[in-house]
Amino acid sequence: PRPPLLCRKLSGLYFIEDRKEWSDLEPVPQDDGPNPVVKIAYSEKFTDVFDYFRALLKNDEKSERAFTLTAEAIELNAANYTVWHYRRVLLQALEKDLRQEMRYITAIIEEQPKNYQVWHHRRMVVEWLSDPSEELEFIADILSQDAKNYHAWQHRQWVIQEYKLWDSELEFVERLLEEDVRNNSAWNQRHFVISHTTGYSDPAILDREVQYCLCQIRKAPHNESVWNYLKGILQDRGLSSHPGLLERVLELKETQCSPYLLAFLVDSYEDALETNNTRATLNQAQEVCALLAQVKDTIRREYWLFLGRSLESKYGPTAAPQSDAASSDAADQQELS
Amino acid sequence: QGTQIKDVVIKDDAPNALILDKHADYIAAYGSKKDDYEYTVSEYLRMSGIYWGLTVMDLMSQLPRMNCEEITEFIKSCQHECGGISASIGHDPHLLYTLSAVQILSLYDNVQALDVDKVVEYIKALQQEDGSFAGDKWGEIDTRFSFCAVATLALLGKLDAIDVDKAVEFVLSCMNFDGGFGCRPGSESHAGQIYCCTGFLSLTGQLHRLNADLLGWWLCERQLPSGGLNGRPEKLPDVCYSWWVLASLKIIGRIHWIDKAKLRAFILACQDEETGGFADRPGDMVSPCGTAVRPSRVSRCCDLQLQRNVNQSPANSGRRHNFKQPPQLSRKFEQSVASSLTDVDQLPSALLRVYVQAILAFM
């Protein structure tokens, strides 16, 4: 039973039934089907708002009060996609001020930045307005609170691509990497920007990126992202193809070693073996695999043992003619019991 | 700097055995508790919630405890004219809940309860020119929806209803330099998206288009010293990634690249011995609905929980289900009440709750 009206007024807990402008509408209670699957007990305000929301939907009412109610429903549950749908329908039907809607969605996202619906809604409004001018700054603000917010990055990529806002993005990425060199999202964005602008085929650009990576590695050697990125930009041409890189990595191995460095080393040796299969190189690769399996990255022992076997079978004395299939190591098909 | 690693530490007194009965009771009682605010606010994904619950019960051989007839009737009343299915009655149809509905009915071997042709029509209409799929009429594109589309159609035996080649092309265009996949071309590789894409490629017979060694390595790199798995580099482990990562590894035949014993220990340590259910990582609080209350955790994995496998055989004890709600819903409850009080932004949320309860008790 509801607290009496006076008490509600004192505490400020207004319910919709108390509001005169709603007196014509009959709220529609929650209906989970002919026989409710489970018994339900609701919190008062939630029940209130959503019962009225359902009534509006049922009548397909397109009014100001309906619009106001969507905001209340969103406040209670911003993940409810039906409410967002309805709000968009009302935005169009009532020809609402979309600039105001931008301010609204900005506030909502600031409160709840990890929710699909709010970002999708913002995208729709930006599209309707054909105005991305606030986006980069807004997203930067959200990222300043959580630099890895997946939704924020997706939205940023969409805005940049759709409206061709590439110019300052590399600078933005660098700024974020200065703040946290282990921000994988920023490394991904770096790849995104460069591949869509200059590309990596210019040797000067590629070398610039390699040097940038080496610099970051020196600062923070234990960083999965930078090594993934380095491998990613070189793998098409071949890891061992970049002049002087192997030597630099071997230098780093002495003072700033990490499992990632060692993994990169194995990949480099493997790439070298492709064009120049020598026992010496194969031994070097095997040594590193063994080091990883036994000492440096034991949690991934199975992978390093696989890699060692794979190298042996591909480049060792008893190597079969190369096939172009992915690894055929029978052990790969082993299942965990 | 140095060897700083983002990870958690498992305490000595953490649970180390699977408390199956607790989890079964927890699911069976879900929604019937007095204070089930979380049940209420999760209405927008009810269909998926039911699917997860039923799957867990089925895994524990307790499916008969749930009411098949009522659930079937509920699902039927969620199918809209366009053929699509909504999360609950009065909600709009969406691919996510269309999949969950078909999965539930597949569990019960009764997909005919739906108008199957209309479901197929609905899915077909969501495919875009570039092969991608929108989630619903509002046009959000995501590889999650590619997965939902083919998984649903595969269960219905109607995969040929869509342009599979184009769909494959789009998914492959989302493959990144690290071998992983994101939600759209260029998006950061993420374990949840990878699960959707490997599942998609498996269902469409295109696994050979992957670099299984490269992707397998990226996936096994998700395992941290604690044994737990994260969803992308330099993030904390979260028990939901046990599913996304392991299922992906299983699909590409590299599941043994994860240290099984360490992962198992991590998962068991996430259990709540009192209420049943799992927290996202050991040491986090489990709310009445198994939600981790930590405000800083990544809630996206909750939304990714909306993706479900197509009857994958149970991998191992690494598989886990719970009802994870975005933690901001708990905060939102506080805020909604707070909106009718003044200066509440200054009050810490715990104090606010006490304040509100005191008011209600006084009346």
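Quick caveat, the model's predicted, so the values are computed rather than measured.

Participant: Could you clarify how one ought to interpret the overall build of chain B in this entry?
Facilitator: Counting secondary structure elements, chain B contains 15 helices and zero strands. The burial tally for chain B puts 65% of its 363 residues in the buried class. The contacts of chain B with a sequence gap of at least 6 include a subset with a gap of at least 24, amounting to 68%. Accessible surface for chain B amounts to roughly 13,000 Å². Of this, 52% is attributable to carbon and sulfur atoms.

Participant: Looking at this structure, how should I read the overall build of chain A?
Facilitator: A count of helices and strands for chain A gives 16 helices and zero strands. When burial is assessed residue by residue, chain A has 55% of its 337 residues classed as buried. Here the contacts in chain A between residues at least 6 apart in sequence split such that 61% fall between residues at least 24 apart. Put simply, chain A shows about 15,300 Å² of open surface, and 51% of that area lies on carbon and sulfur atoms.

Participant: I tried to follow empty space enclosed by the protein on my own but got confused; where do I start?
Facilitator: Taking a probe equal in size to a water molecule and rolling it over the atoms shows the remaining empty space. Per the stated rule, a full pass over the model turns up nine cavities of 30 Å³ or more. When its volume is computed, the second largest cavity comes out at roughly 180 Å³. Looking at the second largest cavity, it is lined by 14 residues, and the ones nearest its centre are Trp 119, His 120 and Gln 154 of chain A together with Glu 140 and Arg 184 of chain B. Going through the elements one at a time, helix 6 (116-129) and helix 8 (150-163) of chain A are the ones with two or more residues in the lining of the second largest cavity. Across the lining of the second largest cavity, the residue classes tally to five nonpolar, four polar and five charged.

Participant: I would appreciate a short explanation of a negative patch on the surface in the present structure.
Facilitator: A cluster of acidic residues, Asp 12, Asp 13, Glu 273 and Glu 274 of chain B, forms a negative patch on the protein surface. Residue Asp 12 of chain B is classed as exposed on the basis of its relative accessible area of 84%.

Participant: What am I meant to see in the pattern of salt bridges here?
Facilitator: Close approach of charged atoms lets side chains of opposite charge pair. All names here are of chain A. One pass over the full model with this rule turns up 30 salt bridges over all chains. Between Glu 302 and Arg 301 there is a salt bridge, and its shortest N-O distance comes to 3.4 Å. Among the residues examined, Glu 302 registers a relative accessible area of 28% and is labelled partly exposed. Connected via shared salt-bridge partners are Glu 174, Arg 190, Arg 208 and Glu 209.

Participant: Could you clarify how one ought to interpret the packing of helix 8 of chain A against helix 9 (residues 169-179) of chain A in this entry?
Facilitator: Each pair of packed helices can be summarised by the angle the axes make with each other and by the distance between the axes. Residue and element names in this part refer to chain A. It is at 13 Å that the axes of helix 8 and helix 9 come closest, and there the two elements cross at 160°. When the interaxial angle is binned, helix 8 and helix 9 end up roughly antiparallel. The handedness of the crossing between helix 8 and helix 9 is left-handed. Note on element contacts: helix 9 touches helix 8 through Glu 169, Phe 172 and Leu 176, opposite Trp 153, Arg 156 and Ile 160.

Participant: How do you make sense of the side chain of Gln 154 of chain A when you look at a structure like this?
Facilitator: With respect to the helices and strands, Gln 154 of chain A occurs in helix 8. Here Gln 154 of chain A falls in the buried class, since its relative accessible area comes to 6%. Within the structure, Gln 154 of chain A has its side chain in polar contact with the backbone oxygen of Tyr 150 of chain A (distance 3.0 Å). Apart from residues no more than four positions distant in its own chain, Gln 154 of chain A is found in contact with Cys 183, Arg 184, Ser 187 and Glu 188 of chain B.

Participant: Looking at this model, I keep getting lost on the confidence of the model for chain A. Mind explaining?
Facilitator: Keep in mind that low pLDDT regions are not for reading the predicted coordinates in detail. Mean pLDDT over chain A: 87, with 86% of residues reaching 70 or higher. Taken together, the stretch residues 34-42 of chain A has pLDDT below 50 and engages in 26 contacts with residues farther than four places along the chain or on a different chain.

Participant: Explain the packing of aromatic side chains to me, please; I cannot follow it from the model alone.
Facilitator: Aromatic ring pairs: the centre-centre distance and the angle between the two ring planes describe each pair. Under the defined criterion, the tally for this structure stands at 19 aromatic pairs over all chains. Here the aromatic rings of Phe 53 of chain A and Tyr 86 of chain A are separated by 5.5 Å at their centres, their planes lie at 80°, and the arrangement is edge-to-face. Of this pair, Phe 53 of chain A sits in helix 2 (residues 44-59) while Tyr 86 of chain A sits in helix 4 (residues 81-93), and the two are 33 residues apart along the sequence. Using a relative accessible area of 3% as the deciding quantity, one classes Phe 53 of chain A as buried. A ring pair is formed by Tyr 303 of chain A and Phe 306 of chain A, whose centres lie 6.0 Å apart and whose planes are at 50°; its orientation type is tilted. On the criterion of helical spacing, the pair formed by Tyr 303 of chain A and Phe 306 of chain A is a turn pair, its members being three residues apart in helix 16 (residues 301-315). Here Tyr 303 of chain A and Phe 306 of chain A have matching classes, each one buried. Above the plane of the ring of Trp 138 of chain B lies Arg 88 of chain A, whose end atom (NZ or CZ) is 4.5 Å from the centre. The ring centre of Trp 218 of chain B lies 4.1 Å from the NZ or CZ of Arg 222 of chain B, which sits over that ring.

Participant: Is there a simple way to explain the confidence of the model for chain B in this structure?
Facilitator: Residue and element names in this part refer to chain B. Overall, the predicted model of chain B reaches an average pLDDT of 76, with 73% of residues at or above 70. Here residues 286-363 is a poorly scored stretch, pLDDT under 50, and it has 204 contacts once near neighbours within four places are set aside; other chains count. The ipTM assigned to the predicted complex is 0.82, against a pTM of 0.80.

Participant: Teacher, can you tell me more about the environment of Thr 198 of chain A here?
Facilitator: Tracing the backbone shows Thr 198 of chain A in the loop between helix 10 (184-196) and helix 11 (203-219). By relative accessible area, which is 47% here, Thr 198 of chain A ends up partly exposed.

Participant: Could you clarify how one ought to interpret the environment of Ser 185 of chain A in this entry?
Facilitator: Residue placement: Ser 185 of chain A occurs in helix 10. With a relative accessible area of 2%, Ser 185 of chain A lands in the buried category. For Ser 185 of chain A and Glu 111 of chain A, which are 74 residues apart along the polypeptide, the C-alpha to C-alpha distance reads 21 Å. Look past the residues within four positions of Ser 185 of chain A in its chain and what remains in contact with it is Ala 147, Lys 148 and Trp 153 of chain A together with Glu 188 and Arg 232 of chain B. Here the side chain of Ser 185 of chain A touches Glu 188 of chain B through a polar contact of 2.7 Å, side chain to side chain.

Participant: Would you explain the nonpolar core in this entry?
Facilitator: Where a protein is soluble and globular, its nonpolar side chains tend to be buried together. In this structure, Trp 227 and Leu 234 of chain A together with Met 47, Ile 75, Ile 104, Phe 133 and Phe 181 of chain B are the most contacted members of the largest nonpolar core, which totals 179 residues. No other element matches helix 14 (residues 259-275) of chain A, which puts nine residues into this core.

Participant: Looking at this model, I keep getting lost on the environment of Phe 50 of chain A. Mind explaining?
Facilitator: Residues and elements named next belong to chain A. Looking at the element boundaries, Phe 50 is found in helix 2. Since its relative accessible area comes to 3%, Phe 50 is described here as buried. Expressed as a C-alpha distance, the spacing of Phe 50 and Glu 162, which sit 112 residues apart in the sequence, is 36 Å. Setting aside residues no more than four positions away along its own chain, Phe 50 makes contact with Ala 73, Leu 76, Asn 77, Asn 80 and Val 83.

Participant: Mind showing me how you'd approach helix 9 (residues 191-203) of chain B here?
Facilitator: Side chains three or four residues apart in an α-helix point the same way, a direct result of the helix having 3.6 residues per turn. Residues and elements named next belong to chain B. Between the first and last C-alpha of helix 9 there are 18 Å, a value that for 13 residues agrees with the 18 Å anticipated at 1.5 Å per step. Here helix 9 lies mainly inside the structure; 11 of its 13 residues are buried. For helix 9, the set of buried residues is Ala 191, Gly 192, Gln 193, Ile 194, Tyr 195, Cys 196, Cys 197, Thr 198, Gly 199, Phe 200 and Leu 201. Within two residues after helix 9, Gly 205 carries a phi angle of roughly 65°, on the positive side.

Parameters and conventions
- Residues numbered from 1 in each chain as written.
- Chains lettered and ligands numbered in written order.
- Predicted model: local features only at pLDDT ≥ 70, side-chain atom pairs only at ≥ 80, totals over all residues.
- Heavy atoms only, no water.
- Helix = DSSP H or I, 4+ residues; strand = E, 2+ residues; numbered from the N terminus.
- Buried < 20%, exposed > 50% of the residue type's maximum accessible area, 1.4 Å probe, protein only.
- Contact = heavy atoms within 4.5 Å.
- Areas by Shrake-Rupley, 256 points an atom, 1.4 Å probe, with all protein chains shown as cover.
- 1 Å grid on protein atoms, 1.4 Å probe; cavity = no way out; pocket = protein on both sides within 12 Å on 5 of 7 lines; lining within 4 Å.
- Points joined across faces, edges and corners; volume = space filled by probe spheres on them.
- Nonpolar A, V, L, I, M, F, W, Y, C, P; charged D, E, K, R; others polar.
- Patch = residues over 30% accessible without salt bridge, like charges linked within 9 Å, V, L, I, M, F, W, Y side chains within 5 Å.
- Salt bridge = Lys/Arg side-chain N within 4 Å of Asp/Glu carboxyl O.
- Lys, Arg positive; Asp, Glu negative; His and termini not counted.
- Charge placed at Lys NZ, Arg CZ, Asp CG, Glu CD.
- Axes fitted to C-alpha atoms, helices over the stretch in contact; angles between N-to-C directions.
- Parallel < 35°, antiparallel > 145°, perpendicular 65-115°, else oblique.
- Left-handed = near helix turned anticlockwise from the far one by under 90°.
- Polar contact = N/O pair within 3.5 Å; in protein donor to acceptor, adjacent residues only side chain to side chain.
- pLDDT = per-residue confidence, 0-100.
- Phe/Tyr/Trp six-rings, centres within 6.5 Å; stacked < 30°, edge-to-face > 60°.
- Lys NZ or Arg CZ within 6 Å of the ring centre and 35° of its normal.
- Core = buried A, V, L, I, M, F, W, Y, C linked by side-chain atoms within 4.5 Å.
- Expected span 1.5 Å × (residues − 1).

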